[in-house]
Amino acid sequence: MIYLRQAQERGHASHGWLESWHTFSFADYYDANFMGFSALRVINEDFIDAGQGFGKHPHKDMEILTYVLEGTVEHQDSMGNKEQIQAGEFQIMSAGTGVTHSEYNGNSDRKLHLYQIWIIPDKKGLEPRYEQRMFDAPQGRQLVLSPDARDGSLKVFQDMELSRWALKKDEQSVYTIQAERRVWIQVVKGTVSINGQKAGPSDALAIWDETALSVHADEDSEILLFDLPPV
């Protein structure tokens, strides 16, 4: 089964300085059919005005991943981290027993564009931790998150993997799905066809009860592929 979650069907919040698109129920946006998918709880696509951002706020028992598409994030947290996250870079934070942080647009002349992704951890009460990494320029399929941090990936406390997959126009490949696993594909840019189902920028596909995916790039594209545990 492949379900297309179209970009324009997502929840939308406009706060003047922030335009946020919610894949799943979040804040004032509620849809009983979109409370999450497997271990995924939040996928927000945010556009933040120059110099603006989220002031200090708390989190607990959540793996929080940020992927910066354009601009620079200024990050500060209660663990003592004060960092910049640049375009193309991934940051993960385990909120665990509790952490507060702030995230701002570090540029004074352009918008910040990012994905914020929350993943439910496989255990509660983890010690809070922080990591960020700039991977090589996207080419082919790169492992970004894994439970064992193999091949230079960032560690995530969940039985899941996240790959960033860059495809050239007309490139075609196959992704094999292990029994009972679920897959979520988020289209970052370009247009792809997954088992014949077309998806464009900011669209997503929820996939279950499939054994393999035929991935075809209709143009130069980038996707995030989450390989997730059964519900």
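Model, not experiment: these values are computed from the prediction. (Residues numbered from 1 in each chain as written. Predicted model: local features only at pLDDT ≥ 70, side-chain atom pairs only at ≥ 80, totals over all residues. Heavy atoms only, no water.)

Asker: Tell me about the packing of aromatic side chains, residues and numbers included.
Answerer: Note on aromatic pairs: each is described by the distance of the centres and the angle between the planes. Overall, the coordinates contain nine aromatic pairs when judged by the stated rule. For the ring pair phenylalanine 37 and tryptophan 208, a centre distance of 6.4 Å and an interplane angle of 50° mean the geometry is tilted. On the criterion of sequence distance, the pair formed by phenylalanine 37 in the loop between β3 (18-22) and β4 (40-48) and tryptophan 208 in the loop between β20 (204-207) and β21 (212-217) is long-range, its members being 171 residues apart. Geometrically, the ring pair formed by tyrosine 67 and phenylalanine 90 is stacked, given 4.0 Å between the ring centres and 5° between the ring planes. Of this pair, tyrosine 67 sits in strand β6 (residues 63-70) while phenylalanine 90 sits in strand β9 (residues 89-94), and the two are 23 residues apart along the sequence. (Phe/Tyr/Trp six-rings, centres within 6.5 Å; stacked < 30°, edge-to-face > 60°. Helix = DSSP H or I, 4+ residues; strand = E, 2+ residues; numbered from the N terminus.)

Asker: Tell me what's going on with the UniProt feature "binding site: Fe cation" (unreviewed entry) in the protein chain, and back it up with residues and numbers.
Answerer: The residues that UniProt annotates with the feature "binding site: Fe cation" (unreviewed entry) are His57, His59, His101 and Glu103. What stands out for the annotated residues spanning 47 residues is how close their C-alpha atoms remain, the widest pair being 13.0 Å apart. Checking the named residues against the largest cavity, the ones that line it are Glu103. If you trace the backbone, histidine 59 turns up in strand β5 (residues 53-59). Assessed through its relative accessible area of 12%, histidine 59 is described here as buried. Excluding residues within four positions of it along the chain, histidine 59 makes contact with Ile64, Ala95, Gly98, Val99, His101 and Trp118. Mapped onto the secondary structure, glutamate 103 falls in strand β10 (residues 99-105). Judged by its relative accessible area of 8%, glutamate 103 falls in the buried class. Residues in contact with glutamate 103, not counting those within four places in the same chain, are Gly53, Phe54, Val73, Glu74, His75, Ile85 and Gln91. (UniProt positions renumbered as here; feature names shortened; annotations may be inferred. 1 Å grid on protein atoms, 1.4 Å probe; cavity = no way out; pocket = protein on both sides within 12 Å on 5 of 7 lines; lining within 4 Å. Buried < 20%, exposed > 50% of the residue type's maximum accessible area, 1.4 Å probe, protein only. Contact = heavy atoms within 4.5 Å.)

Asker: Which residues make up the environment of tyrosine 115, and what values do they have?
Answerer: Tracing the sequence through the fold places tyrosine 115 in strand β11 (residues 112-119). The buried category is assigned to tyrosine 115, whose relative accessible area is 0%. Taking C-alpha positions, tyrosine 115 is 21 Å from glycine 96, a pair spaced 19 residues apart along the chain. Of note is the side chain of tyrosine 115, whose polar atom sits 3.5 Å from the side chain of glutamate 45. (Polar contact = N/O pair within 3.5 Å; in protein donor to acceptor, adjacent residues only side chain to side chain.)

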